[in-house]
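Here is how the chains run, residue by residue.
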Amino acid sequence: MREPAFWHRPSSWISLLLTPLGALYGLVAAKRLQREGLDAGIPVLCVGNYHVGGAGKTPAVLALAKVLRDFGETPVVLSRGYGGRLRGPVKVDPERHVAEDVGDEPLMLARSVPVVVARDRIEGVALARSQAATVILMDDGFQNPAIAKDASLIVIDSHRGLGNGRVLPAGPLRAPLSPQLDRTDALIVVGEGTAAETVAAVIAAQDKPVLSAQLRADDASVAELRGKRVLAFAGIGDPERFFRTLRAAGIEVVAERAFPDHHLFSQSEIEGLIMDAKAGALTPVTTEKDLARLRTGGEGLPCWAQDIVPFKVTLEFDSAAKLRKFVSERLFKARDRKFRASN
C-alpha cells in the first residue's frame, strides 16, 4: 500500500472528515492494548512502530539479534509474515521459501537469524521454543495483546515522525498515541531529523531510554557502487529514506523510482527498470528487502533480475553500551519475574 499524502498534512480536509472513524478505531485499539497476554515462558522483546509504514524496524530487529547473541542467547524472531500466504506456524527456510510464502521481511531476516512465521502468535511461540529459543524477538506485534511482552522497543524515523498524529484511517497511527507511549519501554530514534523530538521528550520524561541510531551503509555495498551513477528503486514504507541513505554514502543517485510498501514486482516492471537504467548508463540499485521479493528460493534471482545491485544497510546505535544495558536489565528482570511466579 502507498501511504496517502494527507496523512502528513495536519490541516487536510480528508483527514478531518475521517477523524470520527479514527476515533472509533482508536477506541477499539486502545481497549485491545489493555488485554493481558500469554506468558511465553521465556523473555519476549518486541520491536514495533506506533504507526503503519516504514521506520527502520527490520534493521533494528537484526541489531537486537546481534546483541542477544553477544550475550550468549539464542534469539528466534517471531513474525506474522505480512504479505505471505502461509498461516504457519512455520520456520522460514530461505532456500525453500519465497516472499509470497512468508513475506519479504521474514525472508530477509531468516538469512541472519532463525525466524518463525505464524498468524496465531501463540502457536508461533510454541514453535520458537521448540527451536531452542532462549529469547523471542517479536518483529512487530506491539499493538497485538496475544503475547505478554517483557520489553517493547519502538522505532521512529526522525524525518517522518508520526505524520499528522491521527489514528487510522485519518492518519498513520495504529492506536491513540497516549496508551502506546505508556506501553513503550524504550524508543529508538533513527536519523538526525527533528520530527521525533516531541515523542522522545515524553519518553525521556517517563525515565525511559531514548536510543539514537543511524542507518549505515555496508562497506562492500558502497565499494561496489563507488564511481557509478545509479537508478535507485524501492517498494518499502519510506523509499525516500533509502534514497537519502544512498546519497549520504556518497552514491550518485541520478534517478529514483518509488513503489508502494511490499510491492510485488512483475518481470515486466523489472525489465523496464533495467532498460531505463541501461538507457542512461546507470546501475539499478534496490534494498535487500525488495530483492527478497525477487528471489526464487534456493535458485536466487531470476535471470531477468541479475543486473540489480542490492544495497545493504545496518542500524548503528550512537551508544551501543546504553542499548546493551537496557537489554541486559530487561532479560534479568524477565527471568527473575518468571522464576518467582513459578515458585
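Residues numbered from 1 in each chain as written. Predicted model: local features only at pLDDT ≥ 70, side-chain atom pairs only at ≥ 80, totals over all residues. Heavy atoms only, no water.

## A short note on the pattern of salt bridges
Alright, step 1. In the structure shown here, the tally under the stated rule is 26 salt bridges.
Alright, step 2. In this structure, Glu73 engages Arg335 in a salt bridge whose closest nitrogen and oxygen atoms are separated by 2.9 Å. Of this pair, Glu73 sits in the loop between α2 (57-70) and β2 (75-79) while Arg335 is found in helix α12 (residues 320-341), placing the two residues 262 residues apart along the sequence.
Alright, step 3. Assessed through its relative accessible area of 34%, Arg335 is described here as partly exposed.
Alright, step 4. Residue Asp276 pairs with Arg257 through a salt bridge whose shortest N-O separation is 3.6 Å. In this pair, Asp276 is assigned in helix α10 (residues 267-279) and Arg257 in strand β10 (residues 252-258), connecting sequence segments 19 residues apart. (Salt bridge = Lys/Arg side-chain N within 4 Å of Asp/Glu carboxyl O. Helix = DSSP H or I, 4+ residues; strand = E, 2+ residues; numbered from the N terminus. Buried < 20%, exposed > 50% of the residue type's maximum accessible area, 1.4 Å probe, protein only.)

## Considering α10
Alright, step 1. Look at α10: 18 Å from first C-alpha to last across 13 residues, which is about the 18 Å you get at 1.5 Å a residue.
Alright, step 2. Of the surrounding secondary structure, the elements contacted by the buried residues of α10 are β9 (229-234), β10 and β11 (283-287).
Alright, step 3. Two residues or fewer past α10, Ala281 is found with a positive phi of approximately 55 degrees. (Expected span 1.5 Å × (residues − 1). Contact = heavy atoms within 4.5 Å.)

## Concerning the nonpolar core
Alright, step 1. Counting 40 residues, the largest nonpolar core has Leu137, Leu153, Ile188, Leu315, Phe317, Leu323 and Val327 as its most contacted members.
Alright, step 2. Those residues within four positions of Leu323 in sequence are excluded, and the remaining contacts are Leu64, Val67, Leu153, Leu211 and Phe317.
Alright, step 3. Counting residues in each nonpolar core, the second largest holds 29 residues, with Ala118, Phe142, Leu162 and Ala200 among its members. (Core = buried A, V, L, I, M, F, W, Y, C linked by side-chain atoms within 4.5 Å.)

## Quick notes on the packing of α2 against α12
Alright, step 1. Axis separation between α2 and α12 bottoms out at 11 Å; the angle between their running directions is 65 degrees. Between α2 and α12, the interaxial angle falls into the category roughly perpendicular. The handedness of the crossing between α2 and α12 comes out as right-handed. Here α2 contributes Leu64, Val67, Leu68 and Asp70 to the contact with α12, which in turn contributes Leu323, Arg324, Val327 and Leu331.
Alright, step 2. Along the lines of polarity and charge, the residues of the contact of α2 with α12 split into 6 nonpolar, no polar and 2 charged. (Axes fitted to C-alpha atoms, helices over the stretch in contact; angles between N-to-C directions. Parallel < 35°, antiparallel > 145°, perpendicular 65-115°, else oblique. Left-handed = near helix turned anticlockwise from the far one by under 90°. Nonpolar A, V, L, I, M, F, W, Y, C, P; charged D, E, K, R; others polar.)

## Comments concerning the layout of surface pockets
Alright, step 1. Within this model, the second largest pocket holds a volume of roughly 530 Å³.
Alright, step 2. The wall of the second largest pocket is formed by 26 residues, among which Pro59, Leu62, Ala63, Lys66 and Thr314 lie closest to the centre.
Alright, step 3. Of all the elements in the fold, those that place two or more residues in the lining of the second largest pocket are α2, α11 (288-292), β13 (313-317) and α12.
Alright, step 4. In terms of residue count, the dominant contributor to the lining of the second largest pocket is α2 (8 residues).
Alright, step 5. Of the residues in the lining of the second largest pocket, the class split is 15 nonpolar, 2 polar and 9 charged. (1 Å grid on protein atoms, 1.4 Å probe; cavity = no way out; pocket = protein on both sides within 12 Å on 5 of 7 lines; lining within 4 Å. Points joined across faces, edges and corners; volume = space filled by probe spheres on them.)

## A look at the sheet that holds strand β4 (residues 115-117)
Alright, step 1. Pairing in this open sheet of 9 strands is mixed, and the strands run β3-β4-β2-β5-β1-β6-β7-β8-β13 from one edge to the other. The sheet is open, and its two edges are formed by β3 (90-91) and β13, each paired on a single side.
Alright, step 2. Relative to β13, strand β8 (residues 210-217) runs antiparallel, the two sharing 5 bridges. Across the sheet, residue Arg216 finds its bridge partner in β13, namely Thr314.
Alright, step 3. Contacts from α2 reach β1 (44-48), β2, β5 (135-139), β6 (151-157), β7 (186-190), β8 and β13 within the one sheet, and its direction differs from that of β5 by about 170 degrees.
Alright, step 4. Its contacts with the sheet put helix α7 (residues 197-205) on β6, β7 and β8, and the angle it makes with β7 is roughly 155 degrees. (Pairing = 2+ DSSP bridges.)

## Focus: unusual backbone geometry
Alright, step 1. Between Leu168 and the following residue, Pro169, the backbone shows a cis peptide bond with an omega angle of 0 degrees.
Alright, step 2. Within the element layout of this structure, Pro169 appears in the loop between β6 and α6 (177-182).
Alright, step 3. If you check the backbone angles, Ala132 has positive phi at about 70 degrees while not being a glycine.
Alright, step 4. Along the chain, Ala132 turns up in the loop between α5 (121-130) and β5.
Alright, step 5. Residue classification places Ala132 among the exposed residues on the basis of a relative accessible area of 51%.

## Concerning the environment of Ile308
Alright, step 1. Checked against the element boundaries, Ile308 lands in the loop between α11 and β12 (309-311).
Alright, step 2. A relative accessible area of 4% places Ile308 in the buried class.
Alright, step 3. Along the backbone, Ile308 and Ala232 are 76 residues apart, and their C-alpha atoms lie at a distance of 9.8 Å.
Alright, step 4. Those residues within four positions of Ile308 in sequence are excluded, and the remaining contacts are Phe233, Ile270, Ile274, Pro284, Thr286, Leu291 and Leu294.

## So, the packing of aromatic side chains
Alright, step 1. Under the criterion given, the structure shown has 5 aromatic pairs.
Alright, step 2. Measuring from ring centre to ring centre gives 6.4 Å for Tyr50 and Phe142, while their planes differ by 65 degrees; the resulting arrangement is edge-to-face. Here Phe142 lies in the loop between β5 and β6 and Tyr50 lies in the loop between β1 and α2, a separation of 92 residues in the sequence.
Alright, step 3. The buried category is assigned to Tyr50, whose relative accessible area is 1%.
Alright, step 4. The exposure class assigned to Phe142 is buried, which follows from its relative accessible area of 4%.
Alright, step 5. Both rings, one in Phe233 and one in Phe265, keep their centres 5.5 Å apart while their planes meet at 80 degrees; by these two values the pair is edge-to-face. Of this pair, Phe233 sits in strand β9 while Phe265 sits in the loop between β10 and α10, and the two are 32 residues apart along the sequence. A single burial state applies to Phe233 and to Phe265, both of which are buried. (Phe/Tyr/Trp six-rings, centres within 6.5 Å; stacked < 30°, edge-to-face > 60°.)

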